[in-house]
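Inside the fold
For reference, the chains in residue letters:
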Amino acid sequence: MTPLLSLRGLTKAYPGVVANDNVSLDIAPGEVHALLGENGAGKSTLVKMIYGLVKPDQGDMQMHGAAFAPSEPRAARAAGVGMVFQHFSLFDALTVAENIALGMENAPRLRDLAQRIREVSDTYGLPLAPDRIVGDLSAGERQRVEIIRCLLQDPKLLIMDEPTSVLTPQEVEILFETLRKLSAEGTAILYISHKLEEIRTLCDAATILRLGKVVGECIPRETTARDMAEMMVGKVLGTPTRAGVAPGETVLALQNLSLPSPSAFGMPLRDISLDLRQGEVLGIGGVAGNGQDELLAALSGETTAPAGMVTFKGQDIGTLGPNARRALGVLAAPEERLGHAAAPDMSLTENAMLTGAAREGLERRGFLDWPAAHSFAERIIQAFDVRTPGPGNAARSLSGGNLQKFVIGREVLQRPEVLVVNQPTWGVDASAAAAIRQALLDLAEGGASVIVISQDLDELMEIADRFAALNEGRLSEPQPTGGLSVEQIGLMMGGAHGMEVAHV
Amino acid sequence: MDLSVINPILLTAALMSAATPILLAATGELVVERAGVLNLGVEGMMILGAICGFAIAVETGSPLTGFLAAAVGGAVLSLLFALLTQVALANQVASGLALTLFGLGLSALLGQGYVGIKPPRMPDVNFGFLADIPIIGPILFSHDPVLYLGVLLVAAVWATLKFTRIGLILRAVGENHDAAHALGYKVVRIRTLAIMFGGACAGMGGAYISLIRVPQWTEGMTAGVGWIALALVVFASWKPWRVLLGAYLFGGITQLQLNLQGAGVAIPVEYLAMSPYIITIVVLVILSADKSAAPGSLGRTFHASH
Amino acid sequence: MMRLEKRPQPSRFFAYATPVLAVLATFVFGGLLFATLGKDPVQSILTIFWEPIFGEFAYFYRPQLLIKGAPLVLIAIGLSLGFKAGIWNIGAEGQYIIGALFGAGVGLAFYPVESFLIFPAMVLAGAFGGWIWAMIPALLKVRFGTNEILVSLMLVYVAEQFLASMSLGLLKNPEGFGFPGSRNLQQYASAHNAEIITGSGMHWGVVAALIAVIFAYVLLTRHRLGFAVRVTGEAPRAARFAGVNPSRLILFCLGTSGMLAGLAGLFEVAGPAGQVSIDFNVGYGFTAIIVAFLGRLHPIGIVLAGLLMALTYIGGDIAQSQLGLPAAAIQVFQGMLLFFLLALDLFTNYRLRFGRAETA
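In this text, all values refer to a predicted model and were calculated from it rather than measured experimentally.

Rules of the game
Residues numbered from 1 in each chain as written. Chains lettered and ligands numbered in written order. Predicted model: local features only at pLDDT ≥ 70, side-chain atom pairs only at ≥ 80, totals over all residues. Heavy atoms only, no water. Contact = heavy atoms within 4.5 Å. Buried area = accessible area lost by both parts, 1.4 Å probe. Salt bridge = Lys/Arg side-chain N within 4 Å of Asp/Glu carboxyl O. Polar contact = N/O pair within 3.5 Å; in protein donor to acceptor, adjacent residues only side chain to side chain. Helix = DSSP H or I, 4+ residues; strand = E, 2+ residues; numbered from the N terminus. Buried < 20%, exposed > 50% of the residue type's maximum accessible area, 1.4 Å probe, protein only. Expected span 1.5 Å × (residues − 1). Pairing = 2+ DSSP bridges. Axes fitted to C-alpha atoms, helices over the stretch in contact; angles between N-to-C directions. Phe/Tyr/Trp six-rings, centres within 6.5 Å; stacked < 30°, edge-to-face > 60°. Lys NZ or Arg CZ within 6 Å of the ring centre and 35° of its normal.

**Quick word on the interface of chain C and chain A**
Counting from both sides, the interface comprises 26 residues of chain C and, opposite them, 37 residues of chain A. For the pair chain C and chain A, the two sides together bury roughly 2,700 Å², of which 54% comes from carbon and sulfur. Seen at the junction of chain C and chain A, the total is three salt bridges. Among the ionic pairs, Arg-224 of chain C bridges to Glu-363 of chain A, the shortest N-O distance being 3.1 Å. In this structure, the connection of chain C to chain A is made through twelve residue pairs in polar contact (both at pLDDT 80 or more). At the level of secondary structure, the elements contributing two or more residues to the side of chain C that touches chain A comprise helix 8 (204-222), helix 9 (224-234) and helix 10 (236-241) of chain C. In terms of residue count, helix 9 of chain C provides more of the side of chain C that touches chain A than any other element does, five residues in total.

**Topic: helix 12 (residues 284-294) of chain C**
Across the eleven residues that make up helix 12 of chain C, a large majority, ten, are buried. Once helix 12 of chain C finishes, Arg-296 of chain C follows within two positions and takes phi at roughly 55 degrees, a positive value.

**Observations concerning unusual backbone geometry**
The peptide bond linking Val-214 of chain B to Pro-215 of chain B adopts the cis configuration, its omega dihedral lying at -25 degrees. A positive phi is found at Asp-154 of chain A, a non-glycine position, where the angle reads about 50 degrees. Tracing the chain through its elements places Asp-154 of chain A in the loop between helix 5 (139-151) and strand 7 (157-161). Positive phi outside glycine occurs at Glu-162 of chain A, with the angle close to 50 degrees. Along the chain, the position of Glu-162 of chain A falls in the loop between strand 7 and helix 6 (169-184).

**Focus: helix 13 (residues 299-323) of chain C**
An α-helical segment advances 3.6 residues per turn. Residues three or four places apart therefore align on the same side. Helix length check: helix 13 of chain C, at 25 residues, gives a terminal C-alpha distance of 35 Å against a target of 36 Å (1.5 Å per residue), a fit within 8%. Trailing helix 13 of chain C by a residue or two, Gly-324 of chain C shows a phi angle of about 75 degrees, which is positive.

**Brief notes about the interface of chain B and chain C**
You'll often see interface size given as the accessible area lost when the parts meet. If you look at the interface, chain B gives 45 residues, while chain C gives 43 residues. Of the roughly 3,700 Å² buried between chain B and chain C, counting both surfaces, carbon and sulfur atoms make up 81%. Taken together, the connections running from chain B to chain C amount to zero salt bridges. The interface formed by chain B and chain C contains one residue pair in polar contact (both at pLDDT 80 or more). Contributing elements (two or more residues each) for the side of chain B that touches chain C: helix 3 (63-87), helix 4 (92-110), helix 10 (225-235) and helix 12 (269-287) of chain B. Of all the elements, helix 4 of chain B adds the most residues to the side of chain B that touches chain C, at 13 residues.

**Things to note about the sheet that holds strand 5 (residues 66-67) of chain A**
Sheet strands associate in pairs through backbone hydrogen bonding, adopting either a parallel or an antiparallel arrangement. Residues and elements named next belong to chain A. The four strands lie next to each other as 2-1-4-5, forming an open sheet whose pairing is antiparallel. Looking along the sheet, the strands with just one partner apiece sit at the ends: strand 2 (17-27) and strand 5. Direction of pairing for strand 4 (residues 58-63) relative to strand 5: antiparallel, over a ladder of two bridges. Bridging from a neighbouring strand, Gln-62 pairs with Ala-67 of strand 5. On the sheet, helix 1 (residues 43-50) packs against strand 1 (5-14), strand 2 and strand 4 and is oriented at approximately 120 degrees with respect to strand 1.

**Side note on the pattern of salt bridges**
Side chains that carry opposite charge are capable of pairing whenever their charged atoms lie near each other. Residue and element names in this part refer to chain A. Taken as a whole, this structure holds 27 salt bridges over all chains when the rule is applied. When the shortest N-O distance is used, the salt bridge between Asp-26 and Arg-8 registers 3.2 Å. Of this pair, Asp-26 sits in strand 2 while Arg-8 is found in strand 1, placing the two residues 18 residues apart along the sequence. Classification of Asp-26 as partly exposed rests on a relative accessible area of 35%. Take Arg-8: its relative accessible area is 39%, and that puts it in the partly exposed class.

**Let's talk about the sheet that holds strand 11 (residues 250-259) of chain A**
All names here are of chain A. Ordered by their spatial adjacency, four strands build an open sheet running 12-11-14-15, and the pairing between neighbours is antiparallel. In this open sheet, the two strands that pair with only one neighbour each are strand 12 (269-277) and strand 15 (315-316). Pairing of strand 11 with strand 12, which is carried by six bridges, proceeds in the antiparallel orientation. If you follow Ala-253 over to strand 12, its bridge partner there is Asp-275. Set on the sheet, helix 9 (residues 292-300) makes contact with strand 11 and strand 12; between it and strand 11 the angle comes to about 125 degrees.

**With respect to the packing of aromatic side chains**
Counted according to the given criterion, the structure contains 26 aromatic pairs over all chains. Between Tyr-271 of chain B and Phe-162 of chain C, the aromatic rings sit 5.8 Å apart at their centres with planes inclined by 80 degrees, giving edge-to-face as the arrangement. On the criterion of chain membership, the pair formed by Tyr-271 of chain B in helix 12 and Phe-162 of chain C in helix 7 (residues 148-168) is interchain, its members lying in two chains. For Tyr-271 of chain B, a relative accessible area of 31% puts it in the partly exposed group. Summarising the aromatic geometry, the rings of Trp-88 of chain C and Phe-293 of chain C are spaced 6.2 Å apart at their centres and angled 25 degrees between planes, so their arrangement reads as stacked. Highlighted residues: Trp-88 of chain C in the loop between helix 4 (58-84) and helix 5 (92-110) and Phe-293 of chain C in helix 12, separated in sequence by 205 residues. Given the relative accessible area of 11%, Trp-88 of chain C is considered buried. Site record: aromatic cluster; members linked through ring pairs are Phe-27, Phe-34, Phe-49 and Phe-333 of chain C. Seen from the ring of Phe-241 of chain C, Arg-326 of chain A lies directly overhead, with NZ or CZ sitting 4.9 Å from the centre. Here the guanidinium or amino end of Arg-143 of chain C rests over the ring plane of Phe-144 of chain C, the centre of that ring lying 5.3 Å away.

Shown next as structure tokens:
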């Protein structure tokens with residue numbers, strides 16, 4: 001049987017890096033094929049070639065045996081390829097129907113389109129009202145918009161790029177039902193992910209990429225997650241070590257913290273209570289868009305809270321700004337590396353001054369001590385193995401992983417009493433991620449308290465003592481992580497948002 | 001002081017005329033801003049349109065040709081702005097200011113030989129007996145064609161933005177240029193076209209002042225009306241019909257203060273002359289609350305980086 | 001096909017080269033403009049740029065550089081602080097006028113008393129006038145989120161009307177034979193902003209400008225507030241994270257630029273201009289915007305840019321009388337300079353890549 005899609009010897013190089021090196025793979029009609037690999041392995045570039053965003057330097061592609069070389073996404077869509085990106089291309093202020101119309105070639109009139117949207121969403125178990133404003137939707141619902149947009153164009157091959165990073169476990173199961181139905185109808189699915197257990201559940205075949213090359217193929221159901229992981233990374237993985245510490249007194253307490261959302265499409269915080277004990281790592285899980293940024297801003301001091309809601313060692317710090325909190329020892333590292341945690345066009349020295357002024361003595365009566373900031377930056381670079389020519393380099397010149405190491409290292413070296421981090425290893429390569437996690441654990445072991453907000457449940461299960469879930473601005477009751485099951489976690493994270501199982 | 005000389009019917013008719021230049025410029029700028037671009041060069045484009053329109057009208061004897069020339073002139077100048085902001089990725093605020101300064105200078109230069117000349121008159125549209133109906137006649141049926149064009153323009157822009165695909169695409173580009181680019185839409189091309197449309201409208205607005213309102217050419221004759229148009233877009237919350245309302249309001253105040261001056265009201269001339277600007281500020285403040293209506297990418301530079 | 005690729009590091013070479021290249025490009029295109037006007041391009045450029053410094057009457061024109069340059073530099077320094085932070089004070093012209101009105105008003109109130117305290121009082125009044133006029137857009141922005149560009153600009157027109165009203169009314173010279181305009185402050189010794197070194201063009205405004213430059217330099221490089229300004233302009237979210245209070249920054253930047261513009265107005269009305277009149281303001285507030293950008297928002301750059309712009313004004317006047325070059329041509333020339341600067345600035349952060357079109 002001729003494969004639906006056949007890639008032979010695809011190669012693509014950019015200055016300084018070979019993104020794809022002689023990659024070949026076949027996908028049969030109706031097959032669910034996983035594309036596995038670390039960040040930087042070349043998965044994105046490969047699918048961009050299939051989708052017509054990038055032209056290969058060498059090699060060729062065939063669809064149903066005929067040559068296939070789309071020059072732009074439009075051509076790929078016309079050939080029957082649909083793609084749901086990891087980062088959605090949605091317009092918050094427009095309706096669902098308008099968003100879908102924009103993603104289609106020959107969009108029908110809005111009224112007809114609305115009808116078709118309703119039909120497709122019912123058939124595949126993805127309920128969506130066409131006239132809702134996209135900005136009001138949850139992350140899972142927004143993904144539905146993207147999927148329906150693709151389905152309306154009758155794709156033969158559906159490419160999904162890290163689809164479950166924004167879903168609760170229950171929503172993941174429902175998505176899988178939808179994908180299985182599509183597969184049964186003959187639509188092939190190219191599933192990009194690094195979530196090994198999911199791939200083992202869903203996929204028929206897997207191709208593993210490392211550093212641009214195909215390093216293995218396997219049948220996920222017959223391979224262990226550990227074997228797949230080791231093929232992805234190329235070495236035996238070590239797990240971070242954590243000496244269990246009995247937690248001490250309550251250091252930071254949130255009591256009925258409620259704050260309105262700072263922006264039109266943000267999430268308000270509702271009645272959040274937690275107590276963070278000395279020496280513990282508290283993990284807060286939840287899919288993006290449920291209040292993570294807002295919670296970090298409330299803890300860092302960017303958003304102030306009314307009296308009595310945020311206390312540190314008995315002292316009310318709700319009304320204090322970021323620098324006053326830093327002086328007390330409450331530090332934070334936001335999710336967005338470039339633009340929030342660090343100023344992209346400023347040097348590492350200046351970025352060290354950004355948050356280190358208070359605790360590292362870099363400022364005296366308003367005047368800044370640049371030589372001291374320079375040496376602080378150098379210390380961070382040394383201690384955290386940040387690959388950069390020097391502290392004079394702009395933050396934007398660093399790779400994602402190195403910048404993240406700098407940003408986290410900057411806070412860790414300031415000897416915090418409480419450190420709050422948001423998505424500490426997002427988009428970071430495996431070894432840098434392991435180093436960051438170890439640094440957080442070491443910090444806790446030294447007596448500090450850490451709050452880790454993360455979408456990566458595996459990460460939280462690995463390093464957190466207690467776990468709570470953030471859902472629609474509400475925080476669940478923290479539970480000890482040992483012994484928590486996936487079902488329990490899913491329920492804590494709020495279950496599915498109004499989804500039904502696909503109508504077969 | 002004799003308030004009886006102020007005739008409300010004539011006042012209304014006059015305010016519609018006073019509002020037209022702002023209306024034209026503001027409607028054009030509304031389209032530009034809905035596409036996500038802030039063009040502060042409206043004043044420069046208007047004054048350039050004023051001189052282009054005037055000069056061509058005088059040379060050819062046809063005010064209509066003058067208006068077309070004004071539209072072209074405004075569009076060409078706006079092309080410079082498009083080059084700066086869409087290709088050279090320059091800061092939009094600075095580029096708009098540069099445009100204004102350049103436009104003011106260029107228009108003064110071009111207008112050297114045209115001071116004191118009378119331009120050819122543009123006759124009012126002949127509605128026949130309709131113009132004789134009391135009250136409604138002078139207000140609705142006694143104007144020049146460009147005034148009616150202004151109102152039609154507002155309607156056309158409203159309909160296009162709301163109902164057509166091109167309108168949807170323009171709004172999408174203004175909301176989230178990265179997403180629009182990812183979907184394959186040519187952001188730079190769409191924005192450049194929008195900018196040129198805005199330039200053409202502003203040019204015509206300027207020509208209205210030099211060919212119909214005054215009608216004469218003087219250096220700097222737009223006197224800040226371009227800035228008022230910019231303010232108008234903001235306090236109309238980027239909605240076309242509100243631009244019409246705002247323009248009439250501003251036109252009304254401008255006309256009223258002129259009439260009050262003429263009526264010998266006891267307020268010094270300078271304070272009356274200030275009033276339109278102060279009222280603009282007040283309205284801006286009151287309506288600042290509706291910030292959420294601003295297009296998401298307004299003012300942000302777009303560079304397809306991946 | 002050409003593509004623009006973002007540089008990993010801003011290019012230091014281009015940061016310095018851009019203004020120079022912009023000036024050269026303006027020479028070329030400005031020359032073309034003059035040629036189309038029927039004037040010899042080379043002679044025009046020489047008249048504008050060479051004559052005032054090295055020509056026959058340079059001894060007269062050189063001091064004019066300081067006289068015209070000082071207000072430009074003073075205002076531009078203030079503007080640059082705001083622009084760097086993304087706070088756009090476009091109404092410096094209005095703040096300049098109000099500063100002049102307050103300062104002159106205080107001086108004239110004391111007439112004919114002579115005392116060494118009067119001038120300092122005028123200086124304070126001028127600074128206060130400009131400051132308060134800038135506080136209007138500042139407070140409206142902080143409290144209501146109103147766009148400061150539009151408010152500060154509207155206030156320019158309001159200020160111009162105040163100027164007219166004062167010239168014809170409150171501040172009118174009672175012994176002026178009915179002509180509009182105030183008493184001439186150059187004849188009122190205690191109020192006169194005289195030259196400190198005769199014939200050099202250096203009056204107290206020049207001194208103030210120099211102090212402002214030093215102050216701004218130290219602030220931006222070594223002080224927490226200057227750092228706050230820079231971070232806010234480059235990465236607003238990072239600034240909030242660093243603990244910068246955006247409201248206080250807005251008040252500071254607008255207030256300082258208003259104060260400096262007001263001072264420039266005072267020094268001008270008590271010095272070179274001499275009296276409050278309807279056409280007292282000549283557009284320094286707007287030209288200062290060009291100076292600020294031309295100087296790349298850097299204190300030293302602004303000094304050089306201010307002198308350059310002053311040169312174009314003076315040279316332009318000479319060209320007008322000697323060559324018949326229209327005054328508006330100089331305005332076009334200045335606008336062109338800003339255009340080229342903005343366009344060439346692209347290369348500081350991006351480089352051109354020639355190669356196959358690829359969207360990766």
